[in-house]
Amino acid sequence: MELYVVRHGIAIDREDPKSPPEAERYLTEEGIEKTKRVAKAISALHVSVDLLISSPYLRAVQTAEIFAAALDYPKPKIRQTEALLPEAEASLFFRELAKDKQSAAVFCFGHAPHVDRLVAAALGSKHPVTSLKKAGLALLELKRISPPSGQLVWLATPKLLRKTAQ
C-alpha cells in the first residue's frame with residue numbers, strides 16, 4: 001500500500017483571540033492558497049488515490065477537501081477517523097487502515113506531532129524521524145499495514161511542492 005501522510009495546512013493560531021475551540025480551528029486564507037498549490041503539485045504527479053481519510057478536526061478536513069478537489073476524489077467519500085486526532089496512538093490508525101484491504105493508495109490528513117509518529121511507526125522507529133511542515137507530506141510504501149512495516153519513499157516540504165506547481 002502507498003500511504004501519503006499529510007499534515008494539515010496553515011490554520012488560525014490557537015493564541016489568536018478570534019480562534020475557535022481546537023476542533024474548530026480552520027485554515028487561514030494563506031493556508032488555503034498554499035495548500036491548493038501543494039495539492040496541485042501532487043496532482044501533477046498523476047498519483048492514483050483509493051481513499052482519503054482525515055482527522056475530524058476542521059483544519060484537517062479542509063486540507064483533505066482541497067486534495068480531493070485536486071485529485072478528482074469525491075468529497076463526500078472522505079472518511080473521518082478519531083485515529084488521526086493529535087493525541088491518538090499511531091497503532092489505532094494502522095489497525096483501522098488494515099480493515100480496508102481494497103485500497104492501494106491512501107492519503108491521510110492529520111496533525112503534528114501525530115503525523116510524525118505515524119511515519120516513525122511505519123518505519124519501525126519508536127522516535128520521530130520527520131517533522132512535517134504544514135501541508136507537507138511523506139510517501140510510505142507499506143509492506144504490512146498492522147503492525148506497520150514499510151519504507152519512506154519520499155518526504156516533501158510544502159515549499160518544494162509549491163515551486164514544482166508553478
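Use the structure listed above.
Please read these numbers as outputs of a predicted model, since none were measured by experiment.

Across its 13 residues, helix α2 (residues 58-70) extends 19 Å between first and last C-alpha, which sits within 8% of the 18 Å expected from 1.5 Å per residue. The set of residues buried in α2 consists of R59, A60, V61, Q62, T63, A64, I66, F67 and A68. Where the residues of α2 are buried, they touch β1 (2-7), α1 (29-44), β2 (51-54), β3 (79-80), β4 (105-110) and β5 (137-144). One or two positions beyond α2, positive phi appears at D72, with a value near 55°.

Quick look at the packing of α1 against α2 now. Each pair of packed helices can be summarised by the angle the axes make with each other and by the distance between the axes. At a minimum axis separation of 9 Å, α1 and α2 run at an interaxial angle of 40°. In terms of orientation, α1 and α2 fall into the oblique class. Considering only the axes of α1 and α2, their crossing is right-handed. On the side of α1, the interface is formed by I32, T35, K36, V38, A39, K40, I42 and S43, while α2 contributes T63, I66, F67 and A70.

A separate point is the pairing of β1. Across the 6 residues that make up β1, a large majority, 5, are buried. The sheet contact formed by β1 and β4 spans 6 bridges and is parallel. Within β4, the position partnered with L3 by the bridge is V106. Where β1 meets β5, 5 bridges bridge the pair, whose relative direction is antiparallel. When the sheet's bridge partners are listed, Y4 is paired in β5 with L139.

Read across the open sheet, the 6 strands follow the order β3-β2-β4-β1-β5-β6; overall the sheet is mixed. One side of each edge strand has no neighbouring strand; the edge strands of this open sheet are β3 and β6 (149-156). Across 7 bridges, the pairing between β5 and β6 is antiparallel. If you follow L142 over to β6, its bridge partner there is G150.

Moving on to helix α3 (residues 90-98). The set of residues buried in α3 consists of A90, F93, F94, L97 and A98. Down the axis of α3, the buried side of the element spans an arc of 135°, and every buried residue falls inside it. The inward-facing, buried residues of α3 contact β1, β2, β4, α4 (114-122) and β5.

Rules and cut-offs
Residues numbered from 1 in each chain as written. Predicted model: local features only at pLDDT ≥ 70, side-chain atom pairs only at ≥ 80, totals over all residues. Heavy atoms only, no water. Helix = DSSP H or I, 4+ residues; strand = E, 2+ residues; numbered from the N terminus. Expected span 1.5 Å × (residues − 1). Buried < 20%, exposed > 50% of the residue type's maximum accessible area, 1.4 Å probe, protein only. Contact = heavy atoms within 4.5 Å. Axes fitted to C-alpha atoms, helices over the stretch in contact; angles between N-to-C directions. Parallel < 35°, antiparallel > 145°, perpendicular 65-115°, else oblique. Left-handed = near helix turned anticlockwise from the far one by under 90°. Pairing = 2+ DSSP bridges. Arc of directions from axis to C-beta.

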